[in-house]
Amino acid sequence: MSHTFYNKMWGEAQQALCHLLQQEMPDVPPKPEKDRMAAAQLLSTLYIRYLQIFRSLELAYDQMTHPQKRRVVRLVLDGVMGRILELKNELVELEISEFHYFDDILQDLKMGPECLEIPIPKYFIKEKLKVLKERERILSEILQRTGTQESETAKAVKQMSLDEAVRVIQVSERARQGRLRAKFMTEIYLEEKRERLAKLHGEKALDPEVAAPLIQKVWQGYIQRKRTKQHRETEMIFLGMMPPPNFSKVSMAEVLARKTESLRCQLQEQHEAEYQHSLAHIKDSIRETESLDMKETLQDQIRQWFIECRHATGKFPDFPDEDDGGSNVIFAQKTPEQVAAELAAKEEAKEKKKKEKGKKEKEKKSGKKGKNKSKGKKGNEEEEEEGWKMSASTFLPDITSANQTYQGVWQNREEAWNLHQSHDPELIKEEKRKEVEEEVRVQVDELMRQELLNLKLSVDREKSKKKKSKKGGKKKKKGKKSGKRKKKEKDLTPNRTIDSLYEELVTEGLLIKPKPVQLSDYLGEYSYLGTTLRQADIEPMPSLSDVKQLLVLYGILPLGCESVHEKAPSMKTLLLAGPSGVGKKMLVNAICNETGANLFNLSPANIAGKYPGKSGLQMMLHMVLKVARQLQPSVIWIDDAEKTFYKKVPKTEKQLDPKRLKKDLPKLLKSLKSEDRILVVGTSQRPFEADIKSFCKVYKKIILIPRPDYASRLVLWKQLITVRADSASASVNISALAKITDGFTPAHIVQAVENVLNDRRVGQLSRKPLTAAEFLNSLCRQEPVYKEEEEAFKGWYAKTPLGRKRSKAKSSGEEDTGKDKGKGKKKGAKKGKKK
Ligand SMILES: Nc1ncnc2c1ncn2[C@@H]1O[C@H](COP(=O)(O)OP(=O)(O)OP(=O)(O)O)[C@@H](O)[C@H]1O
């Protein structure tokens, strides 16, 4: 695509954003929304519209080559990402559920489900590709040196003694020789048979008149069957029931597009380097050519101010302090609106203070008067009256200011000269001029301060007392600051470099290499019935694609983007719970690969016996945290997370001390600050074995991963078979396979496909098409997820804080409807409980 295309895309996204901002920040603040459904609808629509803008901006940022434009796009992009997270958070609080279904809104907006896919900005990896590659190289080197990698692979492969190995080789060699001999014997036997038959029927050769129709019959049959098959395939392709033959082949246009994309990336780097060079060069030249002029004008202006002030007040003014902005304060040009706004803000602050005072007094009075009136009821009534209101956003101001920059600088900029979309020197000049002006101002201020002092001494005969007192004041301020300073965390490894800590952690197996999986490898299909089911008061099962989206929102976006992590609702922990094989570990690895994060493994089984004792544990956590902070983003993965919070440790596991982290994990989380891009991800197959209170206190965000639904199974079967053998899925009844594998997890499906489609079978595909029945053998040897296990998960989730909140809200909602119908209050509550 061309530069114009991406510029246009950016412009359109900004326009759409402008509309949204008008809707989000109207002149008259909207009234609180009393209807929950309407509020959810509003939030969902905003969410989807922001998502579309996000997609366009991400693409534009990835491909635009103009360095200055890219900076503005990046600001908006990060802001939009943060706003999407905020909206999701609002939705979670409003609907009291992690999963939301937008199918009805998609229908209204005439969009497909692919519009809900949350893109992962490519800059997360692209902008630190060199660092990541270097780190990967170091990690591999350490692993090779220490032999950790070998031992890991050795774990997977069963150890074999020499005798055993020799025996296996002998057996297979004898089998090979036997097969070869048998083949020769068959060939010899067939040869002899043919010769014998030829001798027997030699004299009775067929009459050509009889032989010809025989050959024709066979040939006609063969050719007709072939033709019919071809007709059938063309018809299926025409009906859209089969993909065209070169459907999965990459087209020439695509290859070209990819090539252009990579060329653009090179151009981006080149333009960025030129831009950086120009920044320094232009500043130098401005300093050389303009700073003298600037100095003189500024000096003249300040002198003028001295004189004017003396005329007006009879005294020379005090020169503003450097901390207050120096001479900037003198020349601050404020518009009448700014002055009015300042006055209004002051008045507001005053009124607020008054109100607060009044409130406090009232509270005191009411506290004395009435303990008879129940507070709870009052609170509820107030809440009901108030309704839902959007919480204040931390990202909207950023988006607005970036939008203003777009409108002020870029929207109508003449760019006919800039065909190659490199930097605009005029803009750099404007920016650098300001910087040089500031530098000059500081120098001039110093001079003028001295000049004013001299003037005061000679004209007003004033002594410089103030300075001394001010200096004293400054000292006091400093004293205050140092008093307020918080205690710093103790560094247990002050003499060690990060490299040596990194190496130690790798050697100990605490820092591991993530498996090479991307989030796009996690297959799943959109759930099309979500809203319909919810409207019928049936809680739909989330689909794997919903899970994937949650993971992008809660894991990838905050880890990948610094500003989003700092300002978005804080997320330090995430729990992925679900039956074995639903892809929990795969998702953890995908988070690391998509964000370039380090992966620390603090699973109970992995830390057992390492760094023994209390001080050892402290040292281990300190090292992990220090490296994780320095080389952020980082993911701290705890497999079998429930074991840390066991209600009762099973006898067999007592030796491993699985509860080792129980006390220190909350402390570790407390020490994480908003600027530390570290995410603790727990995975658990049996969360119900943990003490739910302490477990949920640590893991505040819980994602329950379900077994795949029919649509996801269909996609899984199709994709997994196609990956192994391109055209094999055409002959398989995938729908039947998806139907009978209800209850099986993706891991089961992966296993079945691997078992059946081995290299030998793939080689036979052209002669013997694949059938669905071949998978049954492998499937029937695997244990599906039974209903009881699924119910256990659901029951456990209902006991988590969000689950309890939801059931509470549901029962209170039912109570209300019960009241409306004129039924007794108790009946409603009972109903709620039963449900
Ligand atoms: N949605 C999916 N799409 C494609 N492959 C998947 C999906 N989910 C799981 N898999 C595959 O299934 C296998 C098992 O996944 P994984 O080990 O992540 O499961 P798990 O839930 O962590 O299992 P366990 O709880 O037993 O440790 C992996 O090979 C993974 O690639």
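Here the structure is shown first, and the text comes after it.
Residues numbered from 1 in each chain as written. Predicted model: local features only at pLDDT ≥ 70, side-chain atom pairs only at ≥ 80, totals over all residues. Heavy atoms only, no water.

**Concerning the site of the ligand**
Near the ligand there are 17 residues, and of these Leu-523, Ser-580, Lys-584, Lys-585 and Met-586 occur at the shortest range. The separation between an oxygen atom of the ligand and a polar side-chain atom of Ser-580 is 2.6 Å. In the environment of the ligand, an oxygen atom lies 3.2 Å from a nitrogen or oxygen atom belonging to the backbone of Val-582. Considered on its own, the ligand offers 630 Å² of accessible surface; in the complex 80% of this is hidden by protein. Taken together, the elements giving at least two residues each to the shell around the ligand come down to α21 (584–595) and α28 (746–756). Along the lines of polarity and charge, the residues of the shell around the ligand split into 10 nonpolar, 4 polar and 3 charged. Both domains that meet at the shell around the ligand, namely domain 3 (498–704) and domain 4 (710–788), each give it at least three residues. (Near = heavy atom within 4 Å. Polar contact = N/O pair within 3.5 Å; in protein donor to acceptor, adjacent residues only side chain to side chain. Areas by Shrake-Rupley, 256 points an atom, 1.4 Å probe, with all protein chains shown as cover. Helix = DSSP H or I, 4+ residues; strand = E, 2+ residues; numbered from the N terminus. Nonpolar A, V, L, I, M, F, W, Y, C, P; charged D, E, K, R; others polar. Domains from an automatic or database assignment.)

**What to know about the side chain of Gln-52**
One can find Gln-52 in helix α2 (residues 36–63). Within the local environment of Gln-52, its side chain forms a polar contact with the side chain of Arg-55, the two groups lying 2.9 Å apart. Contact partners of Gln-52, with chain neighbours within four places excluded, come to Met-111 and Cys-115. (Contact = heavy atoms within 4.5 Å.)

**Concerning the sheet that holds strand β2 (residues 573–577)**
Strand order in the open sheet made by the 6 strands is β1-β3-β4-β5-β2-β6, with mixed pairing throughout. Every other strand in the sheet has two partners, leaving β1 (511–512) and β6 (701–704) as the edge strands with one partner each. As judged from the 4 bridges shared by β2 and β6, these two strands associate in the parallel manner. Counted as the bridge partner of Leu-574 is Lys-701 from β6. The sheet strands contacting helix α19 (residues 544–560) are β2, β4 (634–638), β5 (678–684) and β6, and the helix crosses β6 at an angle near 145°. Sheet strands in contact with α21 are β2, β3 (598–601), β4 and β5, and its direction is about 165° off that of β4. (Pairing = 2+ DSSP bridges. Axes fitted to C-alpha atoms, helices over the stretch in contact; angles between N-to-C directions.)

**Examining unusual backbone geometry**
Following Gln-632, the chain continues into Pro-633 via a peptide bond in cis, with omega recorded as 5°. On the secondary structure map, Pro-633 appears in the loop between α23 (613–630) and β4. The phi dihedral of Lys-110 is positive, around 55°, even though this residue is not glycine. Locating Lys-110 in the fold gives a position in the loop between α4 (103–108) and α5 (123–126). On the accessibility criterion, Lys-110 (74% relative accessible area) is exposed. Even without a glycine there, the phi angle at Tyr-611 is positive, about 45°. Looking at the secondary structure, you find Tyr-611 in the loop between α22 (604–607) and α23. The buried category is assigned to Tyr-611, whose relative accessible area is 14%. (Buried < 20%, exposed > 50% of the residue type's maximum accessible area, 1.4 Å probe, protein only.)

**So, the pattern of salt bridges**
What the rule picks out here adds up to 30 salt bridges. Close ionic contact of Asp-62 with Lys-126 constitutes a salt bridge, the shortest N to O distance being 2.5 Å. Pair noted here: Asp-62 is in helix α2 and Lys-126 is in helix α5, with a separation of 64 residues, a long-range link. The partner of Glu-439 in a salt bridge is Arg-287, with the nearest N and O atoms 3.2 Å apart. Linking Glu-439 in helix α15 (residues 425–460) with Arg-287 in helix α10 (residues 252–313), this pair joins segments that are 152 residues apart in sequence. Overall, Glu-439 belongs to the partly exposed group, its relative accessible area being 31%. A relative accessible area of 33% means that Arg-287 is categorised as partly exposed. (Salt bridge = Lys/Arg side-chain N within 4 Å of Asp/Glu carboxyl O.)

**Thoughts on a nonpolar patch on the surface**
On the surface, Leu-180, Phe-184, Met-185 and Ile-188 cluster together to form a nonpolar patch covering roughly 400 Å² of accessible area. Judged by its relative accessible area of 41%, Leu-180 falls in the partly exposed class. (Patch = residues over 30% accessible without salt bridge, like charges linked within 9 Å, V, L, I, M, F, W, Y side chains within 5 Å.)

**Focus on empty space enclosed by the protein**
Applying the stated criterion across every chain yields a total of 2 cavities of 30 Å³ or more. Lining of the largest cavity is provided by Tyr-47, Lys-88, Phe-99, His-100, Tyr-101, Phe-102, Leu-116, Tyr-526, Asp-546, Gln-549, Leu-550 and Leu-553. If you tally residues by element for the lining of the largest cavity, the top one is α19, at 4 residues. Of the pockets and cavities examined, the second largest cavity occupies roughly 40 Å³. In this structure, the second largest cavity is lined by His-3, Tyr-6, Asn-7, Gln-63, Met-64, Thr-65, His-66, Arg-264 and Gln-421. Of the residues forming the lining of the second largest cavity, the biggest block, 3 residues, is contributed by helix α1 (residues 3–24). Tallied by class, the residues present in the lining of the second largest cavity amount to 2 nonpolar, 6 polar and 1 charged. (1 Å grid on protein atoms, 1.4 Å probe; cavity = no way out; pocket = protein on both sides within 12 Å on 5 of 7 lines; lining within 4 Å. Points joined across faces, edges and corners; volume = space filled by probe spheres on them.)

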